[in-house]
Amino acid sequence: MRWFDCLPGCETQVPCGHGMHPVRWEAGMLRLPQHPDAEAELVLAALGGEKAGCVALAEAWGRHASDLSVLAVGPRSPRDEIRVGWDDVAAAAQAQQAGPAGPYAVSAGAVPGVLGPRRPIRIAVPPSMPASAAGRWQQAAREIERSAQRRTDMLSLLALGYGFQVRLAGQVAAAHAGRADGHDEQAAKARPALTAAPALTAAIAGRLAPAAADWLGIDADQVAVSLHHGPGWGTAELDQGRLRVTLPVSWLAWVWACGLAVTGGHLIVAVERAGWPRARVLGVRAPGTEPVPLEVHAIAAAAGPTGPAGAGDVPHWKM
Amino acid sequence: MSGEGAETYLRLLAEAELRRAAHAADGWEGPAGHGEPGTGTVAAEIALWRIRRAGRILAAAGALDEESAERAADDLRAALTVRSRGLLSRSLARRPAAPPWMLLASGGAAPRRRAPTARHAGVSMRAVPVGRTLQVADGRAPSALHFMSLVRTAAEAVITVVMRMHWPADGSSTDLEITGAGPHHLPYRQLWASDNRGAGYSVVFDGDGGTASWQGVVRLSPAPARGTRWLDLVGDGTALLRLHLVRQAARQPGPAVEESAAPPPAERLLTQEAERILAAAWDARGPTPDPDLGEIVTVLTHAGAIAADSPAPGQLAALYGRLGLAGHGIAVPAAAEIPAPWASVAAQREAAPPASGQEVFTPLAVVLPEIDGARFALAGLSCAAGESHLHVVAAGMPPPADRLTHIGSPGFSWWLKDGAGNWHVGRASEACTLGDGTQAFRLRLAPPLAAVPDTAEVVVTGPATRARAAVAVRPAPQTSED
Ligand SMILES: [Zn+2]
């Protein structure tokens, strides 16, 4: 049983060369139907050939498959619309080609050889810098380059639409879940070094809050979230109008990313048998009560006129 | 507390701000076809500003490293940007730059920590009392130059000095008086020093002052070699004054110093505000409340950087009340009591001001043991023109620029208890920074000393350590004129 077993495949069109190509997500994998041998294309690109848009996108997907910023930036609910289109991606890519800006860009070629064929990054080393600073400023140049790449990556991943955004978020959460939830014993021993906990807590809080607001009709600001570790699903208690919830990181992948957060009037807290279009989940009817097993089934939901593009790619569920 | 708790608080706050901005921005955009920012853009800027401020407060309190704070703000900025066409267009019009924490970092991507530097650890620092006065009988700007103590580090040497102006009472020098006290009134075209071996030294003044007195240091370069017995101050070729450098060197024993742990940095942020407001209570303009204080207290307590039962916020609220200041915004009730040193300073303000016109320029030569990586030489205590100053030379302190951020980490704080048991808070002047990082500055005491004590208790609090030193103020009689 895998976290994405409750998700059907989905597809969208992306700019590639002079046209548009389909990109497909299926069973946790991104597939490029027009590029059956993407690896060979990558080798050619490394030798100086042009990289196909689809291939660049798949690379970006891979680079960010465990990037917590995906959770910080991506959608919190189907109503939370991200307004990035392929024109924005093109604009970002163009800016990336133009080189860096900011306080560094003063004198040409002060730190040579940082960038390849494009315009050299221009770095001005302040006169008061100690000798050891040159390396630091080179590092800054690389950081600018990474930062630009990151922006282009993130925009192109968002331009794929809601269905893909949610699936990527699920993948990122799943990548962190074993360690954060204490199931991975090796990693659990390393917990003191776990620095992802704040971002993961916020990722759950930001997504649970609108769902719980729908569930109980309370203000989203009245939802307090902390991470659940170890066995069991967590807790959900109402305390003077404030909903206090502990959930494991895996909830983001197994439940939220699959569109299950609130189903049939229950807050879904875990998946017992994953599947599409039928699954068995654990749902809490009201805060403070024990979860009960529920048989649920997916219903086809077309993207409405108000929902974001791709909203129909995440299933709606009924009891 | 762990940085993880503070970062979780900050990121949860960012989630709430993102929701609020999206809600406020019913339509993230401005009117179509207009370049003005829409309500969404404004809401986004406010959200981002709040997170940056909270991050800075937590970083200043040592609860979170600056890099984590910046990353949380960067994530929120990205989240806001991709939800707003206006912000997205603006962002795309800019070329990518290095993330701000790269610019902040002093060592590559490493977070800038306020941990004490060990640069000057073990640095030798010697202080010698000088205690000589040069009367400058210039007709229009008569003054006295009081040389107090020489402080020498490995590469630098300074003499602490106060220049006391004696402006003519008939107002005939008003044109000079309005330029303030200071060495620019000295009637010498050239001033230098020479030692007992005939070596010459350039002499540079650095300091600040008001109309009647100027406090600072005379910097000697090169630094006199060890074993230099005396320096002659020479003005336009004429020897003006001999400064003996060894005569009393052995007489002043090191002070008795008692060390303890400093309060946690988050509480020290609040203590520092108390010290600021107490010092300002002795200014002509009087104290003004810090408009950010309520927010600072809220962020620190909600993030767990200050314990829920910490007395510090309530004590600060009580101090504001005691000084008759409203509008501090601290959301906890005022404490019944405030710390004794605060109460002492407040009580002296309520009492009639001391009428003592006694002016003293006492050479001190007390080098404190290392405190959190910094060495301090107490190099003079002066009372003149209604102000009292403790003159300090420091090695190993963070550079001044580091302390000028909007919400700075608490640096060192200084208190002095006089012979009568009254406390005085020291407010540091701008420091003069020498080539090897040595800094010379004055602590203006609030309130000024009513009388010069025989011994004073000096309390220095650094990032981790508090040191209490019993300092003999008059260990030796003043030297007589040669
Ligand atoms: Zn393609």
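Residues numbered from 1 in each chain as written. Chains lettered and ligands numbered in written order. Predicted model: local features only at pLDDT ≥ 70, side-chain atom pairs only at ≥ 80, totals over all residues. Heavy atoms only, no water.

Across its full length, chain A carries 9 helices and 11 strands. Residue burial in chain A is summarised as follows: out of 319 residues, 49% are buried. Counted over contacts in chain A with a minimum sequence separation of 6, partners at least 24 positions apart contribute 55%. Just so you have it, chain A exposes about 14500 Å², and 54% of that area is on carbon and sulfur atoms. (Helix = DSSP H or I, 4+ residues; strand = E, 2+ residues; numbered from the N terminus. Buried < 20%, exposed > 50% of the residue type's maximum accessible area, 1.4 Å probe, protein only. Contact = heavy atoms within 4.5 Å. Areas by Shrake-Rupley, 256 points an atom, 1.4 Å probe, with all protein chains shown as cover.)

Once that is clear, we can look at the domain arrangement of chain A. Residues and elements named next belong to chain A. Partitioning chain A into domains gives domain 1 (3-63 + 83-159) and domain 2 (193-318). Listed per partner, the contact involves 7 residues of domain 1 and 13 residues of domain 2. Surface buried jointly by domain 1 and domain 2 totals about 850 Å² across both partners, of which 75% is contributed by carbon and sulfur atoms. In terms of surface lost to domain 2, no three residues of domain 1 exceed Trp-3, Cys-6 and Pro-8, which account for 66% of the buried area on that side. Counting every contact that joins domain 1 to domain 2 gives 0 salt bridges. Put simply, domain 1 and domain 2 have 1 residue pair in polar contact (both at pLDDT 80 or more) between them. Residue composition of the side of domain 1 that touches domain 2, grouped by class: 5 nonpolar, no polar and 2 charged. (Domains from an automatic or database assignment. Buried area = accessible area lost by both parts, 1.4 Å probe. Salt bridge = Lys/Arg side-chain N within 4 Å of Asp/Glu carboxyl O. Polar contact = N/O pair within 3.5 Å; in protein donor to acceptor, adjacent residues only side chain to side chain. Nonpolar A, V, L, I, M, F, W, Y, C, P; charged D, E, K, R; others polar.)

On to the coordination of the zinc ion, then. Residues and elements named next belong to chain A. Looking at the metal site, the zinc ion is ligated by Cys-16 (SG), His-21 (ND1), His-35 (NE2) and Cys-54 (SG), spaced 1.9 to 2.2 Å from it. Note that the zinc ion binds 4 donor atoms; their angles at the metal cover 99 to 118 degrees, and the shape is tetrahedral. Exposure remark for Cys-54: the relative accessible area of 0% places this residue in the buried category. (Donors = N, O, S within 2.8 Å, 3.2 Å for Na, K, Ca; no water. Tetrahedral: all angles 85-135°; square planar, octahedral: opposite > 155°, others 65-115°.)

Strands in a sheet are paired, the pairing made by backbone hydrogen bonds, and the direction either parallel or antiparallel. Residues and elements named next belong to chain A. With respect to topology, 3 strands assemble into an open sheet ordered β4-β6-β5, the strand pairing being mixed. This sheet does not close on itself; its edge strands, each paired only once, are β4 (223-227) and β5 (235-239). This sheet shows a mean twist of 15 degrees between the axes of neighbouring strands, independent of strand direction. Relative to strand β6 (residues 242-247), β4 runs parallel, the two being bridged by 5 bridges. Across the sheet, residue Ser-226 finds its bridge partner in β6, namely Thr-246. (Pairing = 2+ DSSP bridges. Axes fitted to C-alpha atoms, helices over the stretch in contact; angles between N-to-C directions.)

Together, Val43(A), Leu44(A) and Leu47(A) give the surface a local cluster of nonpolar side chains, amounting to about 340 Å² of exposed area. Tracing the sequence through the fold places Val43(A) in helix α1 (residues 38-46). (Patch = residues over 30% accessible without salt bridge, like charges linked within 9 Å, V, L, I, M, F, W, Y side chains within 5 Å.)

The next thing to look at is the pairing of strand β7 (residues 230-235) of chain B. Residues and elements named next belong to chain B. Among the 6 residues that make up β7, 6 are buried, leaving the element largely enclosed by the rest of the structure. Both faces of β7 are covered, namely the face carrying Trp-230, Asp-232 and Val-234 and the face carrying Leu-231, Leu-233 and Gly-235. Where strand β4 (residues 191-195) meets β7, 5 bridges bridge the pair, whose relative direction is antiparallel. The partner of Leu-191 across the bridge, within β7, is Gly-235. Across 6 bridges, the pairing between β7 and strand β8 (residues 238-244) is antiparallel.

Turning to the sheet that holds strand β2 (residues 19-26) of chain A, a few remarks are in order. Residue and element names in this part refer to chain A. Here 3 strands make up an open sheet; going across it, the order is β1-β2-β3 and the pairing antiparallel. If you trace the sheet from one side to the other, it starts and ends with β1 (10-16) and β3 (29-31), each paired once. In this sheet, neighbouring strand axes are inclined to one another by 30 degrees on average, regardless of whether the strands run parallel or antiparallel. Where β1 lies against β2, 7 bridges are found, and the strand directions are antiparallel. From the neighbouring strand, Glu-11 faces β2, where its bridge partner is Arg-24. Against the sheet, helix α2 (residues 53-63) makes contact with β1, β2 and β3, and its axis sits at roughly 120 degrees relative to β1, the strand it touches most.

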